[in-house]
Amino acid sequence: MTDDAPHEIDDTPTIACSRCDREWDLAYELDDMGLGNQAVEQFALDHMRHTGHFPDDVATWRANCRQCPASEEQLAEHGVRRWAELHARHTRHDVEIRGGDDTVSLIERTE
């Protein structure tokens, strides 16, 4: 006799932090908060706010102005790039963008 009953698959994503020596499943972010595709990003941002560091395997994008102390850090490139372009446009400063994989690009000031 074969077991025709469907088997429940637990595909809840997990995220770990070696600095905290813990691992969390993201069931709360998915089920209770309804974050869907944003669950990992939101957990990482919340973890940073509460602990001062990101969980393992989370790399950020950072934009640094070359002329003033302004900077921006986000998990997604598009947000940092938008900030850099607006900063360059409004201040006429060059802004360097650095990705988590050490890619570097320059947004040059506009005249």
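Residues numbered from 1 in each chain as written. Predicted model: local features only at pLDDT ≥ 70, side-chain atom pairs only at ≥ 80, totals over all residues. Heavy atoms only, no water.

Colleague: Please clarify how the sheet that holds strand 5 (residues 95-98) should be interpreted in this entry.
Modeller: Across a sheet, paired strands are connected by hydrogen bonds in the backbone, their directions being either parallel or antiparallel. Here four strands make up an open sheet; going across it, the order is 4-3-5-6 and the pairing antiparallel. The outermost strands of the open sheet, each flanked by one partner alone, are strand 4 (71-74) and strand 6 (104-107). Each strand axis lies, on average, 15 degrees off the axis of its neighbour in the sheet, ignoring direction. Pairing of strand 3 (residues 61-65) with strand 4 involves four bridges; the strand directions are antiparallel. Residue Trp-61 lies in a different strand from strand 4, and its bridge partner there is Gln-74. (Pairing = 2+ DSSP bridges. Helix = DSSP H or I, 4+ residues; strand = E, 2+ residues; numbered from the N terminus. Axes fitted to C-alpha atoms, helices over the stretch in contact; angles between N-to-C directions.)

Colleague: Explain the pairing of strand 5 here, please?
Modeller: Regular strands place side chains that alternate from one sheet face to the opposite one. Inspection of the sheet shows strand 3 paired to strand 5 by four bridges, in the antiparallel sense. Each residue of the ladder has a partner; that of Cys-65, found in strand 5, is Val-95. In this sheet, strand 6 lies alongside strand 5 in antiparallel orientation, the contact comprising four bridges. Pairing of Ile-97 across the sheet is with Ser-105, part of strand 6. The turn joining strand 5 and strand 6, which pair antiparallel and follow one another in sequence, is formed by five residues; a positive phi near 70 degrees is taken by Asp-102.

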